[in-house]
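Structural characterization, general
Listed here are the chains, written in short residue letters.
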Amino acid sequence: MSSRTCPTSQPITIRRAVARDAKRLTRLVRGSGAYEGKYAAAVAGYRVGPDYIEAHRAYVAVGSDEHGGRVLGFYSLVLAPPELDLLFVADEAQGRGIGRLLVAHMQSEARAAGLDRVMVVSHLPAEDFYHRVGAVRTGTALANPPAVLWDRPEFEFRIPSE
């Protein structure tokens, strides 16, 4: 069984991102296997800066290990208009339920902020993931050259009140 398909044996903590996480989050975005080949232009030069982290609700999933914890993934929730702006899981950590944990955390944060819906424009390779975690397809975001040369599916998470 590969590490991508076995459940994580390490405890995962989700915490608010801080400015010192910026370089790690940028590396995670730029190094994503989902953005190789024809998709590389979309993240070439992309930067998750301390200013972005301060301006948005960004959270990281951290795994416990011998190095004191490692960022395995992160997301960013924008409140107005409500949007899941970024969601990345490190390639070597995919298939362990970390993305699902991040989505559940995002939904909890959205609910606490009084949101009833959160939109996400999906990268094509992530479309099936969003279906699996309960997002509903609502449309298509058209290509936006030069960075994004392809149409992308739009989804919505419906956030039930508790």
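In short, a report on the structure. Small disclaimer: the values here were computed from a predicted structure and weren't measured.

Our next topic: the overall build of the protein. In terms of helices and strands, the protein carries four helices and seven strands. In the protein, the order of α-helices and β-strands from amino to carboxyl end is β-α-α-β-β-β-α-β-α-β-β. Over its C-alpha trace the protein gives a radius of gyration of 15 Å, about what one expects of a compact globule, namely 15 Å for 162 residues. C-alpha extents for the protein along the principal axes are approximately 45 × 45 × 35 Å.

For the rest of this paragraph, the subject is the pattern of salt bridges. With the rule as written, the count across this model stands at eight salt bridges. Between Glu109 and Arg57 there is a salt bridge, and its shortest N-O distance comes to 3.5 Å. Taken as a pair, Glu109 in helix α3 (residues 98-112) and Arg57 in strand β2 (residues 57-63) lie far apart in primary sequence, 52 residues in all. With a relative accessible area of 17%, Glu109 lands in the buried category. A relative accessible area of 25% means that Arg57 is categorised as partly exposed. Three or more residues are tied together by salt bridges with common partners; here these are Arg15, Asp21 and Arg24.

With that settled, the discussion passes to helix α1 (residues 22-30). Within the span of α1, buried status applies to Ala22, Leu25, Thr26, Leu28 and Val29. The arc that holds every buried residue of α1, seen down its axis, measures 160 degrees, which confines them to one face. Exposed and facing more than 90 degrees away from the buried side of α1 are Lys23 and Arg27.

Looking at the element boundaries, Arg152 is found in strand β7 (residues 152-158). Asp151 is the oppositely charged side chain nearest to the buried, salt-bridge-free Arg152, at an N-O distance of 6.9 Å. With near-sequence residues (within four places) excluded, Arg152 lies in contact with Val121, Ser122, Gly139, Thr140, Ala141 and Leu142.

What follows concerns the packing of aromatic side chains. Tallied over the full model, the rule gives seven aromatic pairs. Ring centres of Tyr130 and Phe157 lie 6.2 Å apart, and the angle between their planes is 70 degrees; on these two criteria the pair is classed as edge-to-face. Of the two residues, Tyr130 is situated in helix α4 (residues 127-132) and Phe157 in strand β7; the sequence distance between them amounts to 27 residues. In this structure, Tyr130 and Phe157 share a single accessibility class: buried.

What follows covers unusual backbone geometry. Note the cis peptide between Ala80 and Pro81, where omega equals -10 degrees. Residues Pro145 and Pro146 are joined by a peptide bond in cis, for which omega reads 10 degrees. Assignment of secondary structure puts Pro146 in the loop between β6 (136-141) and β7.

By size, the foremost hydrophobic cluster in this structure holds 45 residues, and its most contacted members are Phe74, Leu84, Val118, Tyr130 and Phe157. With residues near it in sequence (within four places) discarded, Phe157 still touches Leu84, Val103, Met106, Gln107, Asp116, Arg117, Val118, Val120, Tyr130, Val133, Gly134 and Ala135.

This brings us to α3. Over its 15 residues, α3 extends 21 Å from the first C-alpha to the last, a length consistent with the 21 Å expected when each residue adds 1.5 Å. For α3, every residue scored as buried is listed here: Ile98, Gly99, Leu102, Val103, Met106, Glu109 and Ala110. Seen end-on, α3 carries its buried residues on one side only, within an arc spanning 135 degrees. A positive backbone phi angle near 85 degrees is found at Gly114, which sits one or two residues after α3.

Criteria and cut-off values
- Residues numbered from 1 in each chain as written.
- Predicted model: local features only at pLDDT ≥ 70, side-chain atom pairs only at ≥ 80, totals over all residues.
- Heavy atoms only, no water.
- Helix = DSSP H or I, 4+ residues; strand = E, 2+ residues; numbered from the N terminus.
- Rg over C-alpha atoms; globule rule 2.2 N^0.38 Å.
- Salt bridge = Lys/Arg side-chain N within 4 Å of Asp/Glu carboxyl O.
- Buried < 20%, exposed > 50% of the residue type's maximum accessible area, 1.4 Å probe, protein only.
- Arc of directions from axis to C-beta.
- Lys, Arg positive; Asp, Glu negative; His and termini not counted.
- Contact = heavy atoms within 4.5 Å.
- Phe/Tyr/Trp six-rings, centres within 6.5 Å; stacked < 30°, edge-to-face > 60°.
- Core = buried A, V, L, I, M, F, W, Y, C linked by side-chain atoms within 4.5 Å.
- Expected span 1.5 Å × (residues − 1).

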